[in-house]
Amino acid sequence: MSAASATPANFPSSRRWLVWSGIAALCAWVLVPIYLVALGALGGRQGVYQWPKTGLPTGISIEPFLLFLRSEGVTQSFLNSLGAAGITVVLSIALGAPAGYALARYSFVGKDSYRLLVLLTRAFPLAILALPLTVSFIRLGLYDTVYGVGLIHTVLALPFAALVTQGIFLGVPRELEEAAWIFGCSRVQAFFKVVVPLAMPGIVATAVFAFVISWNEVFAASVLTVRNRTLTAYLLTVLSESPMHFRFAGGLLLILPSVVFIFAVRRYLFAIWGISSK
Amino acid sequence: MADIIIDRVQKTFAAFHALKDVSLTIGDGEFVSLLGPSGCGKTTLLRIIAGLETATAGDVRIGGKTVIGLAPKDRGLAMVFQNYAVFPHMTVYENVAFGLRMQKADDARVKAQVERTAGLLHIEEYLDRYPNRLSGGQRQRVAVARALAVEPKVLLMDEPLSNLDALLRLEMRTELKTVLQSAGTTTIYVTHDQTEAMGLSDRIAVMHYGVIEQVGTPVEVYNHPRTRFVGGFIGSPPMNFIRLPVIAGEVEAGGQKLAVPAGATGEILLGLRGEAVERVSTADGLPMHVRVAEPMGSHLLLTGSIRDQLVRIVLPASETVRGGDTIGLKLDRDRLTWLSPDSGKAYPATP
């Protein structure tokens, strides 16, 4: 109390001003590019080439964007991308989280080399692996399928999923799990009733990460597909020959799902329980 | 309700013997403390009983049946952890109800039990809250309520009060004793705090380096320690040990002739509780050189030396002694412990 009254009267207000300007700057950092892309996508041919730019949403309509969506292959590749990202998220959590749990809770022979091995999967550039992968994918019948792309993206996301979830499970006190065992849970029940709810924010963050990895990946998707392209691979081949407002529309379509996805899971991203038994 | 028999339990971690052949029988409804310094194996023993750790050898029987190989949930016990371990993602109500829900108890029974135990531990007001909005003391109450709500046959407590501040600890200790006395559950209580163990227990098992050194009621353990370690660990101030020469089956302590147990020759170790003395004139008693005198209010604590050996002596608060004084002490014959200076073990009490 005495410390607060000793500071100048305008100190709290200037402090608040600082906080709010920081928030505004951060919001602008994210929102302004999205806004400009959206303006380009919705402004149509005239909007894109208009000069000087007003920066105001005049003369926009959903029409140019719908036209883009209706053009050949866009919708299909969008769905392909969603499919591949979905497979990536599900598989990397389903396989990565148990691996992370094992790394966090058990000590076993070769634990450190296992951890290193997990990381080593990222040591080989995809470019080197592209040809053999294509050959074996053709043999396995996975070539030019969404599943194939999803699998490759899982390989990319899995090491991070395992290592990140390891850290998350380490953050869940062991005593809580033991308490669950004592009070009637089997190991599996304790995992789902106690560990998973507490680890949820971290697991969701991992899912977001896996989603973004898959959604943004373009090289493997381009190499491994011909007709069933993902959105990034499709846009890469098509956009260079497209008019400007089509490119903006493509950009907007790439941004939107990530934003929607993160917005949908935002609740789980924050540690609402504040894991702490101290 | 159940008795617990711990039969020659051993536990090794790699080359480290955490428990060496520990045996202990705990009667139905009894409150037994495992007391010892950190690293003595008391928590390991508790975790073996709980099923959180597996014994390298030996048997644990609860209610006559061996529990070796059973999962913790199938042992019919409840536990209170040192760090409370209340589930942060559940309300206090759901925390207390957790064990019953896992037993698939119907809602009416859950509600009745939660309200009963919440009442016992005075947490009715917090039932809707999440644990992160509770203080340490309140969380520990929730943890105890959760354990009692399942009406366990056996209750295990692992240093449940060590994370609380001193005042709260005293309050919770009294309350625990009240609650557990009425519950009548067989309880094993792990602690390194001898006052907790003394205050709460029917019997205390003092552990040291993976061995139970002595089992007995608080008064037995206090007055008749079986080893030098037990005497030194229990009591505040700890027991004093004074080496004295034995001459013809007796030792001479400032005019007092004290008979020593048969078989003691050469030297003997006298175990002397700080308050088992009476102040007499310097000429008549065992002389003690007082180095520091601390008036504690309820008593006077003296630190000094007898025959050049460090001792702590407790006198009534009415006495006046200053540092540098020499005083005479008369020993209370009935409250002395005689130990072998080599093995540190007590001689059997003289009849």
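Rules used throughout
Residues numbered from 1 in each chain as written. Chains lettered and ligands numbered in written order. Predicted model: local features only at pLDDT ≥ 70, side-chain atom pairs only at ≥ 80, totals over all residues. Heavy atoms only, no water. Helix = DSSP H or I, 4+ residues; strand = E, 2+ residues; numbered from the N terminus. Rg over C-alpha atoms; globule rule 2.2 N^0.38 Å. Buried < 20%, exposed > 50% of the residue type's maximum accessible area, 1.4 Å probe, protein only. Areas by Shrake-Rupley, 256 points an atom, 1.4 Å probe, with all protein chains shown as cover. Lys, Arg positive; Asp, Glu negative; His and termini not counted. Charge placed at Lys NZ, Arg CZ, Asp CG, Glu CD. Contact = heavy atoms within 4.5 Å. Pairing = 2+ DSSP bridges. Axes fitted to C-alpha atoms, helices over the stretch in contact; angles between N-to-C directions. Parallel < 35°, antiparallel > 145°, perpendicular 65-115°, else oblique. Left-handed = near helix turned anticlockwise from the far one by under 90°. Nonpolar A, V, L, I, M, F, W, Y, C, P; charged D, E, K, R; others polar. Domains from an automatic or database assignment. Buried area = accessible area lost by both parts, 1.4 Å probe. Polar contact = N/O pair within 3.5 Å; in protein donor to acceptor, adjacent residues only side chain to side chain. Salt bridge = Lys/Arg side-chain N within 4 Å of Asp/Glu carboxyl O.

A. Looking closely at the overall build of chain A. Within chain A one finds 13 helices and 0 strands. If you list the helices and strands of chain A from N to C, you get α-α-α-α-α-α-α-α-α-α-α-α-α. For 278 residues, the compact-globule estimate of 2.2 N^0.38 gives 19 Å, and chain A exceeds it by more than 25% at 24 Å. Per-residue burial for chain A yields a buried fraction of 39% across its 278 residues. In the structure as shown, chain A presents an accessible area of about 15,700 Å², 73% of it carried by carbon and sulfur atoms. Distance from the positive charge centre (19 side chains) to the negative charge centre (9 side chains) of chain A: 6 Å.

B. Highlighting the overall build of chain B. Looking only at helices and strands, chain B features 8 helices and 20 strands. Overall, the C-alpha framework of chain B stretches about 75 × 45 × 35 Å when taken along its three principal axes. Every one of the 351 residues in chain B was classed for burial, and the buried ones make up 52%. Taking as baseline every contact in chain B between residues at least 6 positions apart, the subset at least 24 positions apart corresponds to 64%. Accessible surface for chain B amounts to roughly 15,300 Å². Of this, 51% is attributable to carbon and sulfur atoms.

C. Examining the sheet that holds strand 5 (residues 65–66) of chain B more closely. All names here are of chain B. Pairing is antiparallel in the open sheet, where 4 strands are placed in the order 2-1-4-5. In the strand order of this sheet, the two ends are held by strand 2 (16–26) and strand 5, each with one partner. Pairing of strand 1 (residues 4–13) with strand 2 involves 7 bridges; the strand directions are antiparallel. The residue of strand 2 that forms the bridge with isoleucine 5 is threonine 25.

D. Representation of the packing of helix 5 (residues 74–105) of chain A against helix 10 (residues 187–216) of chain A within the structure. All names here are of chain A. Close contact between helix 5 and helix 10 brings their axes to 9 Å; oriented N to C, the two are set at 140°. With respect to helix 10, the axis of helix 5 lies oblique. As helix 5 packs across helix 10, the resulting crossing turns out to be right-handed. Contact residues: helix 5 offers Phe78, Ser81, Leu82, Ala84, Ala85, Thr88, Val89, Ser92, Ile93 and Tyr101, while helix 10 offers Phe191, Val195, Ile203, Thr206, Ala207, Ala210, Phe211, Ser214 and Trp215. Residues belonging to the contact of helix 5 with helix 10 are distributed by class as follows: 14 nonpolar, 5 polar and no charged.

E. Structural context of the domain arrangement of chain B. Residue and element names in this part refer to chain B. Segmenting chain B into domains produces domain 1 (4–226) and domain 2 (237–339). Between the C-alpha centres of domain 1 and domain 2 there is a distance of 39 Å. Contacts between the two partners involve 4 residues from domain 1 and, on the opposite side, 5 residues from domain 2. Carbon and sulfur atoms supply 42% of the area that domain 1 and domain 2 bury against each other, a total of about 460 Å² over both sides. Of all residues in domain 1, Tyr222, Asn223 and Pro225 bury the most surface against domain 2, accounting for 85% of the area lost on that side. Across the domain 1-domain 2 interface, the total number found is 2 residue pairs in polar contact (both at pLDDT 80 or more). Per-class residue counts for the side of domain 1 that touches domain 2 are 3 nonpolar, 1 polar and no charged.

F. View of the domain arrangement of chain A. Residue and element names in this part refer to chain A. According to the domain assignment, chain A consists of domain 1 (2–61) and domain 2 (66–269). In this structure, domain 1 and domain 2 have C-alpha centres spaced 32 Å apart. Domain 1 puts 9 residues into the contact, and the matching count from domain 2 is 9 residues. Across the interface of domain 1 and domain 2, roughly 780 Å² is buried in total on both sides, 84% from carbon and sulfur atoms. Counting every contact that joins domain 1 to domain 2 gives 0 salt bridges. Take the side of domain 1 that touches domain 2: its biggest share by element is 5 residues, from helix 2 (residues 11–42).

G. Structural context of the sheet that holds strand 17 (residues 299–306) of chain B. All names here are of chain B. Across the sheet, which stays open at both edges, the 5 strands sit in the order 15-19-16-17-18 with antiparallel pairing between neighbours. Two strands lie at the open edges of the sheet, namely strand 15 (277–280) and strand 18 (309–316), each paired on one side alone. Put simply, the sheet's adjacent strands are angled 45° from each other on average, direction ignored. Summarising the sheet, strand 16 (residues 286–295) and strand 17 pair through 6 bridges and their orientation is antiparallel. Bridging from a neighbouring strand, valine 290 pairs with glycine 304 of strand 17.

H. Local environment of helix 2 (residues 92–102) of chain B. Of all 11 residues that make up helix 2 of chain B, 9 are buried, and the element is covered over most of its length. Looking at helix 2 of chain B, one finds that the buried residues are Val92, Tyr93, Asn95, Val96, Ala97, Phe98, Gly99, Leu100 and Met102 of chain B. Where helix 2 of chain B is buried, its residues touch helix 9 (174–182) and helix 10 of chain A together with helix 3 (107–120) and helix 4 (136–149) of chain B. Looking one or two residues beyond helix 2 of chain B, the residue adopting positive phi is lysine 104 of chain B, at roughly 60°.

I. Geometry of the interface of chain B and chain A. With 27 residues of chain B at the contact, the number on the chain A side is 21 residues. Ranking the residues of chain B by area buried against chain A places Lys73, His89 and Met102 of chain B at the top, with a combined share of 28%. At the junction of chain B and chain A, the tally comes to 1 salt bridge. For the pair chain B and chain A, the interface holds 4 residue pairs in polar contact (both at pLDDT 80 or more). Secondary structure elements with two or more residues in the side of chain B that touches chain A: helix 1 (42–50), strand 6 (77–80), helix 2 and helix 4 of chain B. Counted by class, the side of chain B that touches chain A contains 18 nonpolar, 5 polar and 4 charged residues.

J. Fine view of the pattern of salt bridges. Per the stated rule, a full pass over the model turns up 24 salt bridges over all chains. Ionic pairing is found between glutamate 30 of chain B and arginine 203 of chain B, a salt bridge with its closest N-O pair at 2.5 Å. You can see glutamate 30 of chain B sitting in the loop between strand 2 and strand 3 (31–35) and its partner arginine 203 of chain B sitting in strand 9 (residues 203–208), a full 173 residues away along the chain. Each of Arg174 and Glu178 of chain A together with Arg47 and Glu53 of chain B takes part in one network of salt bridges that share partners.

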